[in-house]
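Close look at the chain arrangement
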Amino acid sequence: MEHRAGFVNILGNPNVGKSTLMNRLVGEKLSIITSKSQTTRHRIKGIVNGEDFQIVFSDTPGVVKPSYKMQEYMLDFSKSAIIDADIILYVTDVVENIEKNADFIEKVKQSEVPILLVLNKIDLTTPDKLDALFDKWKEIIPRAEIFPISATENFNVDNLYKRILELLPVGEPYFDKEEMTDMPARFFVTEIIREKILLNYDKEIPYSVEVVVEEFKEGTKRINIMAGINVERDSQKGIIIGHQGAALKKVGTEARVDIEAFFGKKVFLNLYVKVLKDWRNKENDLKRFGYKQL
């Protein structure tokens, strides 16, 4: 039996639904989803295995003009995903500005691999407007195959998935057939905690936070986790903790529930907050947090 395998990389601007689509295609919640932009910071791989295929999906950060070093490295993740893709899923939606980040779209166009342009959130528009968008995107990336979908409503995602299978190159699997992701368990703990911070705090606070798992001890029935929440300023530390620790306790409670669901075990979660001044612009901190390859 002929085996197919390949890397399917999901690219696009912030808030177009890349992570929602990734989770739909993989069938697991690997990427965190919030209404805030720049939710995804790293390349997150989700692996789907069949008897005669392996699809390695890769969620990437939303494309932004960098304001600090961390965003420069996030953009590097997205640029590298153009280069090493076997299939590109360029995700847009029915409300974003088509001209946004045109230079990045030009890089996508220059790729020689198949491009599937995913027009997401079609439940938010009319047939006439959808037809007009379809025509505009066909002008911008003429060789792209366009798939109108709604990732949240799971509309037309199956047809997209079938086309991906058809386009996969012939080859041996890249990962063990039992694997679901190439990320370690600690990574998903940090992402779950960060998701709760994104949901519970406003303005700059969530973007100034980096979560690090300091201790992860897994027993047969329980996992003991200690995680540090790094912020850039003393005032941010006070906001994260909240009055008499109430805000931090809420984040911890919500995160623990999701971590227990993810691992299928009881979890003891200990959170603390510390100040790491201007970490988003410091090379050493960014290397330590996995934004820049060592």
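An account of the accompanying structure is given in this report.

Analysis parameters
- Residues numbered from 1 in each chain as written.
- Predicted model: local features only at pLDDT ≥ 70, side-chain atom pairs only at ≥ 80, totals over all residues.
- Heavy atoms only, no water.
- Buried < 20%, exposed > 50% of the residue type's maximum accessible area, 1.4 Å probe, protein only.
- Helix = DSSP H or I, 4+ residues; strand = E, 2+ residues; numbered from the N terminus.
- Pairing = 2+ DSSP bridges.
- Axes fitted to C-alpha atoms, helices over the stretch in contact; angles between N-to-C directions.
- Contact = heavy atoms within 4.5 Å.
- 1 Å grid on protein atoms, 1.4 Å probe; cavity = no way out; pocket = protein on both sides within 12 Å on 5 of 7 lines; lining within 4 Å.
- Points joined across faces, edges and corners; volume = space filled by probe spheres on them.
- Nonpolar A, V, L, I, M, F, W, Y, C, P; charged D, E, K, R; others polar.

**Here we look at the pairing of strand β3 (residues 53-59)**
Extensive coverage of β3 is indicated by the burial of seven of its seven residues. With burial as the criterion, each face of β3 is covered, one bearing Phe53, Ile55, Phe57 and Asp59 and the other bearing Gln54, Val56 and Ser58. Strand direction decides the pairing type here: strand β1 (residues 4-12) and β3, joined by seven bridges, are parallel. From the neighbouring strand, arginine 4 faces β3, where its bridge partner is phenylalanine 53. Pairing of strand β2 (residues 44-50) with β3 involves seven bridges; the strand directions are antiparallel. Considered in β3, the bridge of isoleucine 44 is made with aspartate 59. Taking the residues that link successive antiparallel strands as the turn, the β2-β3 hairpin has two residues.

**So, the sheet that holds β3**
Overall, mixed pairing links the six strands, which are arranged β2-β3-β1-β4-β5-β6 in an open sheet. Looking at the sheet topology across the chains shown, the edges are occupied by β2 and β6 (145-148). Taken pair by pair, the neighbouring strands of this sheet meet at an average axis angle of 20°, ignoring direction. Direction of pairing for strand β5 (residues 115-120) relative to β6: parallel, over a ladder of four bridges. Bridge pairing in β6 places leucine 117 opposite isoleucine 146. Each of β1, β2, β3, β4 (87-93) and β5 touches helix α1 (residues 18-26); the most contacted strand, β3, lies at about 160° to it.

**Here's the deal with the layout of surface pockets**
As a volume, the largest pocket reaches approximately 460 Å³. Lining the largest pocket are 25 residues, and of these His42, Met183, Phe187, Phe289 and Gly290 lie nearest its centre. Put simply, the parts of the chain that give the lining of the largest pocket at least two residues each are α6 (185-200), β7 (210-218) and α9 (283-288). Its residues placed into classes, the lining of the largest pocket shows ten nonpolar, four polar and eleven charged.

**A word on unusual backbone geometry**
The backbone of asparagine 15 sits at a positive phi, close to 65°, despite the residue not being glycine. Within the fold, asparagine 15 resides in the loop between β1 and α1. According to the relative accessible area criterion, asparagine 15 is partly exposed, its value standing at 37%. The backbone of lysine 203 sits at a positive phi, close to 55°, despite the residue not being glycine. Mapped onto the elements, lysine 203 comes out in the loop between α6 and β7. For lysine 203, a relative accessible area of 76% corresponds to the exposed category.

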